[in-house]
Amino acid sequence: MDSVRKPFNLRKWFSIVSLVVTGGAAIVSGAILSSFFVNEAIKRDAMLTTQFIQSIAEIESRHARLGPNHTSLAAILDDRLTARELGVPEENLERARAEFFDHLRQMPEALLATVFAPDAFVIWSANPKLTGQRLSDNDELQEVLEHRQTVAAGHLKESEGKKAEQKFVREPKDMYIENYVPLLNTDGSVASVVEIYKEPRDLISSLKRGYLLIWLAALLSGGAIYGCLHWIIDRAARELDAQQREIVENQTLVALGEMSSAIAHGLRNPLASIRSSAEVALELGDSGTTKNLNDIITQVDRVSKWVRELLQFSRPITDQNEAVNVVTALDNALSTYDVQIQRAGIEIDWAPQAAPAVAVQANGSLLEQALNSVFSNAIEAMPRGGRLGVAVEQPARDRVTVRVADTGCGMSEAQLKTLFKPFHTTKRGGLGVGLVLVSRIMERFGGAVELDSKEQAGTTVRLTFKVANQE
């Protein structure tokens, strides 16, 4: 046995795929933006730090009056070089070094300050334990020596691979920034490198807020895109489902119309002949056959009504809408049932003079069919008499509602569920297309039909129309 192929669930698969795609896009964009934001902020901080340290070096050089041969403080920071070798007065040299190192020690938010010679020898450090050591395994230091540009990086407190020189004067609380600032000779070569570890709290706070805003914006934009796409595809799926149902219904109606036409053509003449023969036999006055002949006429009329209903139901509704006086239409429709109403002993509660004279968007012949079906159902629900109420409510927001209420037998919850399905009927001998046809006609008018009913308590039908534009 071949397995039954399940229909493709457009909503389900689109929801999954779009969630993955939009979620991935939001994560990638958030990661890119946050990385760019952090890198730019660190570069900006490194530039300011570089300018500050280089300004200190330049000021101390002038203040110490190092002489024409040593215009750069960077060239004399290495204490392995003596004042005689440098050609600088001992007092000036000591004062320049001490003041420069003291400025580094007092830098705000600094965790550690270290000065390297080009051979990775630690000239000075805020942590005295590092002074005099040679820390050769330092990629950032080599990069500064090669490119003569500041190198900066951000680190978390718990980051792995801590360097040998990261023996801070105080431990950072969260995040810290590492800067390598080159100090140049007069010929442009690197004379020494200042390594600064900082914990700029204002900057870190800004970075956290930026992180939060970027990820929040990424998630919200991704959620908004997902919501819009989901709404579009959900609406498209509903439209496709509606079109599929319409196609199936149209195909069914086409087949039903062809069948109904064939049945109508095949039954009309025999039915007319049978009815005529029964009427002729009644005129002959044979009292013994009167009841049987009346039954024949009744059943012929019932079959003829079925044929008419089938033809009406299967025929496409293509008539143009026009402005129709709803009070006149109701009055005319009720008048056609005068005989049935009097025979059943039904009381009519209808005051056309008090009803609002409003024109609705409808079609005269189609509206007559819809009203006839509603009144026919109400009258048939009260075979032993009752009360039929008809009212036109006051128009509201370009809509007007016609209410038809009877005190008949009513319907159960199960019957209400199948009420607007073709060929489901609660009447004995009914065809089950009357209310379906009413619903189709009201949809054609741009209106709606609603029905409330309880067993042994009656039924109320509400037909809502669009108010016609009066020019």
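Above this text you will find the structure in question.
Residues numbered from 1 in each chain as written. Predicted model: local features only at pLDDT ≥ 70, side-chain atom pairs only at ≥ 80, totals over all residues. Heavy atoms only, no water.

**A short note on the packing of aromatic side chains**
Pairs of aromatic rings are described using the distance from one ring centre to the other and the angle between the two planes.
Stage number 1. Here the structure, examined in full by the defined rule, presents four aromatic pairs.
Stage number 2. Ring plane angle 0 degrees and centroid distance 5.0 Å describe the contact between F101 and W124, whose orientation is recorded as stacked. A residue pair is termed long-range when its members are at least 10 positions apart, and F101 in helix α3 (residues 90-105) and W124 in strand β2 (residues 122-125) qualify at 23 residues.
Stage number 3. Among the residues examined, W124 registers a relative accessible area of 9% and is labelled buried.
Stage number 4. Here a set of aromatic residues connected by ring pairs shows up, and it is made of F100, F101 and W124.
Stage number 5. Over the ring of F121 we find R80, and its NZ or CZ is 4.1 Å from the ring centre. (Phe/Tyr/Trp six-rings, centres within 6.5 Å; stacked < 30°, edge-to-face > 60°. Helix = DSSP H or I, 4+ residues; strand = E, 2+ residues; numbered from the N terminus. Buried < 20%, exposed > 50% of the residue type's maximum accessible area, 1.4 Å probe, protein only. Lys NZ or Arg CZ within 6 Å of the ring centre and 35° of its normal.)

**Remarks on the pairing of strand β4 (residues 175-184)**
Stage number 1. The buried fraction of β4 amounts to nine of the ten residues, a majority that puts the element mostly inside the structure.
Stage number 2. As judged from the eight bridges shared by β4 and strand β5 (residues 190-198), these two strands associate in the antiparallel manner. Pairing of P182 across the sheet is with V193, part of β5.
Stage number 3. What sits between the antiparallel neighbours β4 and β5 is a turn of five residues, in which G188 has the positive phi angle 95 degrees. (Pairing = 2+ DSSP bridges.)

**Description of the packing of helix α7 (residues 326-335) against helix α9 (residues 364-380)**
Stage number 1. Two elements in contact, α7 and α9, have axes whose closest approach is 10 Å; the angle formed by their N-to-C orientations is 50 degrees. Compared by their axis directions, α7 and α9 come out oblique. Along this stretch, α7 crosses α9, giving a crossing that reads as right-handed. Facing α7, whose interface residues are A329, L330, A333 and L334, α9 presents L367, L371, N372 and F375.
Stage number 2. Of the residues contributing to the contact of α7 with α9, the split by class is seven nonpolar, one polar and no charged. (Axes fitted to C-alpha atoms, helices over the stretch in contact; angles between N-to-C directions. Parallel < 35°, antiparallel > 145°, perpendicular 65-115°, else oblique. Left-handed = near helix turned anticlockwise from the far one by under 90°. Contact = heavy atoms within 4.5 Å. Nonpolar A, V, L, I, M, F, W, Y, C, P; charged D, E, K, R; others polar.)

**Some points on α3**
Stage number 1. Along its 16 residues, α3 runs 22 Å from first to last C-alpha, staying within 8% of the 22 Å computed at 1.5 Å per residue.
Stage number 2. If you check which residues of α3 are buried, you get N92, L93, A96, R97, F100, F101 and L104. Down the axis of α3, the smallest arc covering the buried residues is 150 degrees, so these residues share one side. (Expected span 1.5 Å × (residues − 1). Arc of directions from axis to C-beta.)

**Observations concerning the sheet that holds strand β7 (residues 346-349)**
Stage number 1. Spatial ordering of the open sheet is given by β7-β9-β10-β12-β11, a layout of five strands whose pairing is mixed. The strands lining the two open edges of the sheet, one partner per strand, are β7 and β11 (448-454). If you compare each strand with its neighbour and ignore which way they point, the axes differ by 15 degrees on average.
Stage number 2. Where strand β10 (residues 399-406) and strand β12 (residues 458-466) come together, eight bridges link them in antiparallel fashion. Directly across from R403, in β12, lies its bridge partner R462.
Stage number 3. With respect to the sheet, α7 is in contact with β7, β9 (386-392) and β10, its orientation differing from that of β9 by roughly 160 degrees.

**A few points about the nonpolar core**
Most often, soluble globular proteins keep nonpolar side chains buried together rather than apart.
Stage number 1. Membership of the largest hydrophobic core comes to 43 residues, with the highest contact counts inside it found for L330, F375, L388, V392, L463 and F465.
Stage number 2. Broken down by element, the residue count for this core peaks at eight residues, all from α9.
Stage number 3. Leaving out residues up to four positions away in the same chain, L330 has contacts with W350, L371, F375, V390, V392 and V402. (Core = buried A, V, L, I, M, F, W, Y, C linked by side-chain atoms within 4.5 Å.)

**A short note on the environment of R201**
Stage number 1. By the secondary structure assignment, R201 is in helix α5 (residues 201-283).
Stage number 2. The class for R201 is partly exposed, based on a relative accessible area of 46%.
Stage number 3. As for R201 and Y176, which are separated by 25 residues in sequence, their C-alpha atoms are 8.9 Å apart.
Stage number 4. Apart from the residues lying within four places of it in its own chain, the contact partners of R201 are E109, R170 and K173.

**Looking at a nonpolar patch on the surface**
Stage number 1. A surface patch of nonpolar side chains, amounting to about 620 Å² of accessible area, comprises F8, W13, I16, V17, V20 and V21.
Stage number 2. Position of V20 among the secondary structure elements: in helix α1 (residues 10-64).
Stage number 3. Given the relative accessible area of 59%, V20 is considered exposed. (Patch = residues over 30% accessible without salt bridge, like charges linked within 9 Å, V, L, I, M, F, W, Y side chains within 5 Å. Areas by Shrake-Rupley, 256 points an atom, 1.4 Å probe, with all protein chains shown as cover. Salt bridge = Lys/Arg side-chain N within 4 Å of Asp/Glu carboxyl O.)

**Let's talk about a negative patch on the surface**
Stage number 1. A cluster of acidic side chains, namely D137, D139, E143 and E146, defines a negative patch on the protein surface.
Stage number 2. In this structure, E143 sits in helix α4 (residues 139-147).
Stage number 3. Its relative accessible area of 38% is what places E143 among the partly exposed residues. (Lys, Arg positive; Asp, Glu negative; His and termini not counted. Charge placed at Lys NZ, Arg CZ, Asp CG, Glu CD.)

**Looking at unusual backbone geometry**
Stage number 1. The residue E109 is not glycine, and still its phi comes out positive at about 65 degrees.
Stage number 2. Tracing the backbone through its elements, the reader meets E109 in the loop between α3 and β1 (110-116).
Stage number 3. Phi is positive for R148, which is not a glycine, with a value near 55 degrees.
Stage number 4. Topologically, R148 is positioned in the loop between α4 and β3 (151-156).
Stage number 5. Judged by its relative accessible area of 46%, R148 falls in the partly exposed class.

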